[in-house]
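# Observations on the three-dimensional arrangement
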Amino acid sequence: MIDLRSDTVTKPTDEMRAAMASAEVGDDVWGDDPTVNRLESVAAEWLGKEAALFVPSGTMGNQVAVMTHCRPGDEVLVEAEAHVYWYEVGGIARLAGAQPRTIHTPAGLLTPDLVRGAVREENIHYPTPRLLCLENTHNRAGGKVHPLTEFRAVTDLAHSLGLKVHLDGARLANAAVAQGITMAEAAAGADSVMCCLSKGLCAPVGSVLAGTREFIAEARKNRKVLGGGMRQAGILAAAGLISIEKMVGRLQEDHQLAQDIAAALQDMPHLTCDLAKVETNMVQVDLDRPAGPVVDALAREGVLCGTSGPTRIRLVTHHDVSGAHPAEVAKAFRTALA
Ligand code: TLP
């Protein structure tokens, strides 16, 4: 099977399993786990922030960030297809009690003008605009990178309007590698940033949330509210340290494989796949028919994938499919669509 459903399917590497087996641990709710403490300090430096918090998932990291920035009734500005709005079970409303205000974009990238247009002036009728959420790379836009200059223009504008900025950087490492910049550069301008260790970076569990010391102290309490205070979590943090220290460098291979798969799908009947849109480790394939039965047919041909729209298939490359041949993927599509 070539499993292109998501980079979340990656399994911990042998080195991670060995590090997990021998990790030094303690009770992290007491602040006693030396491996978690090390991960949090390494992650803060990696992301260019004062402090960081280890959380079990990207979803919890995003939701804790929104809870920490906002008070009930505040408004959260968010791109209309952003994960924090689309795939997190209404958490902005349920957990933070905040109101999302969606901004539609042609290809997932918010611009200063779009943000300016969505922020309303103070008025007794309106909620207080508090937070802007950005996403890099953008999942539903097909792994699209928010380029550094454009990203900073949006964060500067948001700050000038009195907003805080949270960056969903589940795949920020892919964005950094694609642009040849550091993680700290990619996260600069955001007041808080969440980055997943368990996607292309292969950790079995875990994400990090980073920001100021004060923000992280409050986020730690909000993580506890959500039941995310973990005990001997150093077992997991040991793998996360390897994600940060050793797994970023190889992401370029995933990007190349995505390019090669997209190239192999060019000129195939019944689908369109825009090679120019493949910027990181995702490939979007638009079909001339409903995607569900095609996904089933592809599985019968040995290729697992998911959908990201009624007629759209999403393919995600990652460490555990690095030996896959683009020609085999193309062959499976040809058969599935015949
Ligand atoms: N994305 C998953 C699914 O939830 C859709 C995937 O397979 O791509 N932010 C972004 C941009 C994400 O893509 C994801 C996961 C998350 C946050 C949430 O991370 P987890 O799954 O760790 O809660």
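In this text, all values refer to a predicted model and were calculated from it rather than measured experimentally.

### Considerations on the site of the ligand
The local shell around the ligand holds 15 residues, among which Ser-6, Gly-58, Thr-59, Asp-168 and Arg-171 are the closest. Arg-314 places a polar side-chain atom, nitrogen or oxygen, 2.9 Å from an oxygen atom of the ligand. In the complex, the protein chains occlude 82% of the 510 Å² of accessible area that the ligand would expose alone. For the shell around the ligand, the leading source of residues is helix α3 (residues 58-69), giving 3 residues. Within the shell around the ligand, the residues separate by chemical class into 2 nonpolar, 7 polar and 6 charged.

### Quick word on the pairing of strand β12 (residues 306-309)
Here 3 bridges tie β12 to strand β13 (residues 312-316), and the two strands are oriented antiparallel to one another. Bridged to Gly-309 within β13 is Arg-312. In sequence, β12 turns back onto β13 through a hairpin of 2 residues.

### Quick notes on the nonpolar core
Among the nonpolar cores identified, the biggest contains 55 residues, and Trp-46, Leu-47, Phe-54, Leu-132, Leu-172 and Leu-197 are the most heavily contacted of them. With 7 residues, the top contributor of residues to this core is helix α2 (residues 34-47). Excluding its chain neighbours within four sequence positions, the residues that come into contact with Leu-132 are Leu-77, Leu-110, Val-115, Val-154, Ala-158, Leu-163, Lys-164, Val-165 and His-166. Val-285, Ala-291, Ala-324 and Phe-333 belong to the second-largest nonpolar core, a separate cluster that totals 31 residues.

### Details of the side chain of Arg-140
On the secondary structure map, Arg-140 appears in the loop between β5 (129-135) and α7 (148-160). Here Ser-308 takes part through its backbone oxygen, which lies 3.3 Å from a polar atom of the side chain of Arg-140. With near-sequence residues (within four places) excluded, Arg-140 lies in contact with Glu-81, Trp-86, Tyr-87, Glu-135, Gln-284, Ser-308 and Arg-312.

### Let's talk about the sheet that holds strand β4 (residues 99-103)
Strand order in this open sheet of 7 strands is β2-β8-β7-β6-β5-β3-β4, and the pairing throughout is mixed. Two strands close off the open sheet at either side, each with one partner strand: β2 (51-55) and β4. The sheet shows a mean angle of 20 degrees between the axes of neighbouring strands, taken without regard to direction. With 4 bridges joining them, strand β7 (residues 192-196) and strand β8 (residues 207-211) adopt antiparallel strand pairing. Residue pairing for β8: Val-193 is matched across the bridge by Ala-210.

### Points about the environment of Pro-12
Mapping Pro-12 onto the fold places it in the loop between β1 (2-3) and α1 (14-21). In this structure Pro-12 comes out as buried when scored by relative accessible area, which is 19%. Sequence separation of Pro-12 and Gly-240 is 228 residues, and the distance between their C-alpha atoms is 9.7 Å. Excluding residues within four positions of it along the chain, Pro-12 makes contact with Arg-17, Cys-202 and Pro-204.

Criteria and cut-off values
Residues numbered from 1 in each chain as written. Predicted model: local features only at pLDDT ≥ 70, side-chain atom pairs only at ≥ 80, totals over all residues. Heavy atoms only, no water. Near = heavy atom within 4 Å. Polar contact = N/O pair within 3.5 Å; in protein donor to acceptor, adjacent residues only side chain to side chain. Areas by Shrake-Rupley, 256 points an atom, 1.4 Å probe, with all protein chains shown as cover. Helix = DSSP H or I, 4+ residues; strand = E, 2+ residues; numbered from the N terminus. Nonpolar A, V, L, I, M, F, W, Y, C, P; charged D, E, K, R; others polar. Pairing = 2+ DSSP bridges. Core = buried A, V, L, I, M, F, W, Y, C linked by side-chain atoms within 4.5 Å. Buried < 20%, exposed > 50% of the residue type's maximum accessible area, 1.4 Å probe, protein only. Contact = heavy atoms within 4.5 Å. Axes fitted to C-alpha atoms, helices over the stretch in contact; angles between N-to-C directions.

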